[in-house]
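If you want the building blocks of each chain, they are given just below.
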Amino acid sequence: MGTPAQYDFDTVIDRRGTWCVQWDGVADRFGVDGLLPFTISDMDFETAPEVLAALRARLDHGVLGYTDWRQDDFLSAVAHWYETRHGTGIDTGRLVYGPSVLSQLSQLLQMWTAEGEGVVVHTPTYDGFRKAVLGLGRELRGVPVGDTGALERELARADAKVLVLCSPHNPTGRVWTEAELRETAALARRHGVAVISDEIHADFVHEGRTHVPYVRVVGDGDGGEGSGGGGERWALITSASKSFNFPALTGSYGLIGDPADRAEYLRRMETAEGLASPAVLALTAHIAAYRQGAPWLDAVRAYVTGNLRMVAERLDAAFPELAWEPPQAGYLAWIDLRPLGVDDEALQRVLIEREKVAIMPGAVYGAPGFVRLNVGCARSKAEAGVAALVRGLGAVRG
């Protein structure tokens, strides 16, 4: 198991001028350049050295032609990761590939829903889900995280066709238990609703919690009628890019239960979308991450755990009434500010104009009164961010 001492996470890497969305694109969302950003969910760390070495070796080969993802190096690396990291065997015949998790989500929604039909999500909701669902003309229907009664009521509606499950949940960092996932699967099966489980945050679950891949709770059946899968329609979509911090390479993959659905997905991607050949560097990165990157991932997760503990200590010292606790997964601190009674717009003005920081307001995820602070960064930057937030909150409280 890797430890933070084996790697340098403290050195601040200057990302400005690298076309970086978080740093160079801050004015697009906040209207001001030069803010210290704690926004979009990528990290400021270099990816694992094993991944960088594999990428350099592939570039040294010098030929970057069309590439096939259906080869054993990739398929066996994914299977190895699920077996060693998540204790779950997978059938690599179920695997599919895509340019991104949101692209896969869009394709599956187009396959399994029609315009105007209902797509159920948990609230607060990752804004990428909202954009995908509404952009396709589907109806977005939110249910609060943990409210099983509300979930069943929405799934029972005649035109509810898909549940988009974020596992672990973004932005709250909630890790679903196996019992919760089995109950969700049973509800979806009972009401004939397909489940798309976005598990891109799965590899960043913190100590004391265990991620359960959705494929484990639906069993070994293909998912079609009479298959042993209970007739449920499901897909798991994910990528190593989030936890290993290489989203700019693009690349994602998934598991689709029903053989006919898998074939239709691949047909759409390879013909209608023209995406038969993936980015070779994305495949290279995935293989290296899953075969050699576990020590780095353990180390970066431990370092981020320290950042999150620091946030909890600073907030508790300044505003004990928040009683804030770190998330169960991820590097995003989801902070409920409602006990302080602050005005969201006033807080954002102070943070931007006086403190010169960019911190995501909860309204982006349908949750006014919250903020989302990205601490996937050097400790010094995380400390600057929480200090600015504490000062900003003090200012707007008077």
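Located above this text is the structure these notes cover.
A. Looking closely at the side chain of Asp 44. Here Asp 44 lies in the loop between strand S1 (36–38) and helix H3 (49–61). In terms of polar contacts, Asp 44 uses its side chain to reach the side chain of Arg 15, at 2.9 Å. Only 3.1 Å separates the side chain of Asp 44 from the side chain of Trp 23, close enough to count as a polar contact. Setting aside residues up to four positions removed in sequence, Asp 44 forms contacts with Ile 13, Arg 15, Gln 22, Trp 23, Asn 245, Gly 376, Cys 377 and Lys 381.

B. Region of interest: the pairing of strand S7 (residues 234–238). Of all five residues that make up S7, five are buried, and the element is covered over most of its length. Side chains Trp 234, Leu 236 and Thr 238 of S7 all project onto a buried face; the interleaved residues Ala 235 and Ile 237 project onto the opposite face, where all are buried too. The pairing of strand S6 (residues 194–198) with S7 spans four bridges and is classified as parallel. Each residue of the ladder has a partner; that of Ile 196, found in S7, is Ala 235. Sheet analysis places S7 next to strand S8 (residues 252–256), joined by four bridges and oriented antiparallel. Directly across from Leu 236, in S8, lies its bridge partner Leu 255.

What counts and how
- Per chain, residues are indexed from 1 in the order of the written sequence.
- Given that the model is predicted, a residue must reach a pLDDT of at least 70 before its local features are reported, and side-chain atom pairs must reach 80 or more before they are shown or counted; all residues, however, enter totals for whole chains, interfaces and linings.
- As a convention, hydrogens and water are excluded, and side-chain values are obtained from all of the structure's heavy atoms.
- Helix and strand assignments follow DSSP, with helices taken as H or I runs no shorter than four residues and strands as E runs no shorter than two, numbered in order from the N terminus.
- Contacts described as polar in this section are N or O atom pairs within 3.5 Å, which, within protein, must combine one atom able to donate a hydrogen with one able to accept it, while residues neighboring in sequence count only if both atoms come from side chains.
- It only takes one pair of heavy atoms within 4.5 Å for two residues to be counted as in contact.
- Relative accessibility decides the category of a residue: with a 1.4 Å probe and only protein chains considered, values under 20% of the type maximum give buried, values over 50% give exposed, and everything between is partly exposed.
- In this analysis, strands are considered paired if DSSP registers two or more bridges between them.

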